[in-house]
Amino acid sequence: MKEVAVIGAGMTKFGELWGKSIKDIFVEAALKAINDAGVDHIDSMYVGSMSGGLFVGQEHLGAVMADYLGVTPIPSTRVESACASGGVSFRQAYLEVASGQSEIVLAGGVEKMTDGADVTDVLATAADQDYEVYQGITFPGLYAMIANAHMHQYKTKREQLAAVSVKNHRNGAKNPNAQFRSEISIDNVLNSTLVADPLRLLDCSPVSDGGAAVILCSMDIAKKFTDSPVRVRASAQASDTIALHSRRSLTTLDAVVRAAEKAYKQTGLKPSDINFAEVHDCFSIAEIVVTEDLGFFDKGCGGSGVEEGLTSLETGKIPINTSGGLKSKGHPVGATGVAQIIELYEQLQGKAGARQVKNAHIGMAQNMGGSGASCVIHILEAI
Amino acid sequence: MISPGYFREIPQRYRLEAGRCKKCGKVYFPPRSHCSECHSNEFETVKLSDLGKILTYTVIRVGPSNFSKETPYAVGIIEVNDGVRLTMQIADIDVNKVEIGQKVRIIFRKIQDEGKSGLHCYGYKAVVI
């Protein structure tokens, strides 16, 4: 397997992009990435999208985007793993370069969620339609059940969930591409509308439009394009039962544990070697569970970790979601996993501006689908 | 989903029929054709217990389109006495009184009217006992 580098990145602003179509959004991100890398061509590309079909009635997004980006006849493949579609898109591009099949590959992701589809219904297709959704559960509802179980088992406090949203908004306020650039307080979260008890509106990531893309190539040629390529140290993926109720535990996401084990094994790194991480905070409880399952905190201690500032940009032992995370930056589902890679890329190059993590050498991105039935993890390193 | 799907799932939804692996004994609800544990393909039909307890729950305040007129309603993960876990609504209770650990009985109820056709769809819900 060849060593693989990220050599360029581009994304749209995340938010309600009323004037832009899914094609406009993807092409904007892809062109920015291509220009940033300075490549004169790409050999292949991947398009992560959870549900172009249900959100805007458009499938066959590989070909659609190759056409509108003007790169036909290169191979172009749509990748779907619910909210992990972007991370899996990046992984497919990584594997294609690592295998030697292609030299320069674009990994992209896009979602257009504000064109009128019932977003609750569309997102619910990532759960078991026949045995979860049929009964009336929603995605906030699934994570709310994880939250209640976690609060019951580990005495995690409601205020600790709120601390995740407060931290991520504080980071997102510093990110020009974030959907919400406003800081919020614990009281704001605790007084926001109940969506699925105990989760309130400000525990939930928003409905967003957005696109993100990065360019990967083999390390052998990376220096032709940039003085500061970023190395992909690990790429790992795992799956679990689609239904939350079938899991071994309601408070541990085994797909996250398994993917993390693989990523640590690939690199010889341990959790304390990771300087910062972007994790999948689709709901506040998700960040708490995931930071435990990645090994950053002991099981049951994720809530106190965020409450004590151990994951903050300013004082944290491991800053989490410096981009603002899904909560503040926005969560156009297919783009999210790629946007996490972009935050790693910018941090590792020292280009994150007001969000810059000091001494950022090794970063992790953790992206997951559904209530944790799929998870993809990447570790990137500055060289 | 269109109506053939509802017809196909009547045994499990109306009668709580599960599949038990003949080789290793693991019980699957809904029934499966391949065992994830021992990879056997041979199953026998068993009826689940209609008694269980609430492992976790939520109260849905913002519902999917088919349930938007029914909010707020409680949904939980119920472990029946055979050890199998299912997601279902917790009915006939003030949603603020639901608690983890409560004992429930599983009952036959209408679940929803299918969006486009309005087809009545039935299945199981839990009531606290």
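Preceding this section is the structure that the text describes.
Here the structure is a predicted model, which means the values were calculated and not measured.

**Structural notes on the interface of chain A and chain B**
- At the interface, 29 residues of chain A touch 25 residues of chain B.
- Those elements that provide at least two residues to the side of chain A that touches chain B are helix 5 (119–124), helix 6 (139–154) and strand 5 (194–196) of chain A.
- If you tally residues by element for the side of chain A that touches chain B, the top one is helix 6 of chain A, at six residues.
- Each residue belonging to the side of chain A that touches chain B can be placed in one class, and the counts come to 14 nonpolar, ten polar and five charged.

**Overview of the nonpolar core**
Residue and element names in this part refer to chain A.
- Of all hydrophobic cores here, the largest spans 160 residues; its most connected members are Val6, Val214, Ile215 and Leu216.
- The residue makeup of this core includes at least three contributed by each of domain 1 (4–118 + 207–222) and domain 2 (139–205 + 230–382).
- Setting aside residues up to four positions removed in sequence, valine 6 forms contacts with Val214, Leu216, Pro229, Val230, Val232, Ile341, Tyr345 and Leu380.

**Section: helix 3 (residues 61–69) of chain A**
Residue and element names in this part refer to chain A.
- Turning to helix 3, its buried residues number three or more, namely Leu61, Met65, Ala66 and Leu69. Mapping the buried residues of helix 3 onto a view down its axis gives an arc of 130°, with all of them on the same face.
- In this structure, the buried residues of helix 3 make contact with helix 1 (22–37), strand 2 (44–48), helix 2 (52–56) and strand 3 (76–79).
- Where helix 3 terminates, the next one or two residues include glycine 70, which has phi positive at roughly 75°.

**Some thoughts on the environment of alanine 178 of chain A**
- Along the polypeptide, alanine 178 of chain A turns up in the loop between helix 7 (158–172) and helix 8 (186–190).
- In the structure, alanine 178 of chain A is positioned 100 residues away from arginine 78 of chain A in sequence and 25 Å away in space, judged by C-alpha atoms.

**Some remarks on the packing of helix 4 (residues 85–98) of chain A against helix 14 (residues 333–348) of chain A**
All names here are of chain A.
- In contact at an axis separation of 5 Å, helix 4 and helix 14 are set at 55° when each is read in the N-to-C sense. Accordingly, the angle class assigned to the pair helix 4 and helix 14 is oblique. For the pair helix 4 and helix 14, the contacting residues are Ser85, Gly86, Gly87, Val88, Ser89 and Phe90 in the first and Val333, Gly334, Ala335, Thr336, Gly337, Val338, Ala339, Gln340 and Ile341 in the second.
- The residue inventory of the contact of helix 4 with helix 14, partitioned by class, reads seven nonpolar, eight polar and no charged.

**What to know about the pairing of strand 10 (residues 362–369) of chain A**
Residue and element names in this part refer to chain A.
- In terms of burial, strand 10 is a largely internal element, eight of the eight residues being buried.
- Where strand 9 (residues 276–278) and strand 10 come together, three bridges link them in parallel fashion. Across the sheet, alanine 277 pairs through a bridge with methionine 364, a residue of strand 10.
- Relative to strand 11 (residues 374–382), strand 10 runs antiparallel, the two being bridged by eight bridges. Of the residues in strand 11, the one forming a bridge with glutamine 366 is isoleucine 377.
- Counting the residues in the hairpin turn of strand 10 and strand 11 gives four residues, including glycine 370, whose phi is positive at 60°.

**Things to note about the sheet that holds strand 1 (residues 17–21) of chain B**
Residue and element names in this part refer to chain B.
- Taken in spatial order, the three strands of this open sheet run 2-1-3, and their pairing is antiparallel. At either margin of the open sheet sits one strand with a lone partner, and together these are strand 2 (27–28) and strand 3 (43–47).
- In terms of strand pairing, strand 1 meets strand 2 through two bridges, oriented antiparallel. Its bridge partner being in strand 2, arginine 20 is matched across the sheet by valine 27.

Criteria and cut-off values
Residues numbered from 1 in each chain as written. Chains lettered and ligands numbered in written order. Predicted model: local features only at pLDDT ≥ 70, side-chain atom pairs only at ≥ 80, totals over all residues. Contact = placed C-beta atoms within 7 Å. Helix = DSSP H or I, 4+ residues; strand = E, 2+ residues; numbered from the N terminus. Nonpolar A, V, L, I, M, F, W, Y, C, P; charged D, E, K, R; others polar. Core = buried A, V, L, I, M, F, W, Y, C linked by C-beta atoms within 7 Å. Buried ≥ 20, exposed ≤ 12 C-beta atoms within 10 Å, placed from the backbone. Domains from an automatic or database assignment. Arc of directions from axis to C-beta. Axes fitted to C-alpha atoms, helices over the stretch in contact; angles between N-to-C directions. Parallel < 35°, antiparallel > 145°, perpendicular 65-115°, else oblique. Pairing = 2+ DSSP bridges.

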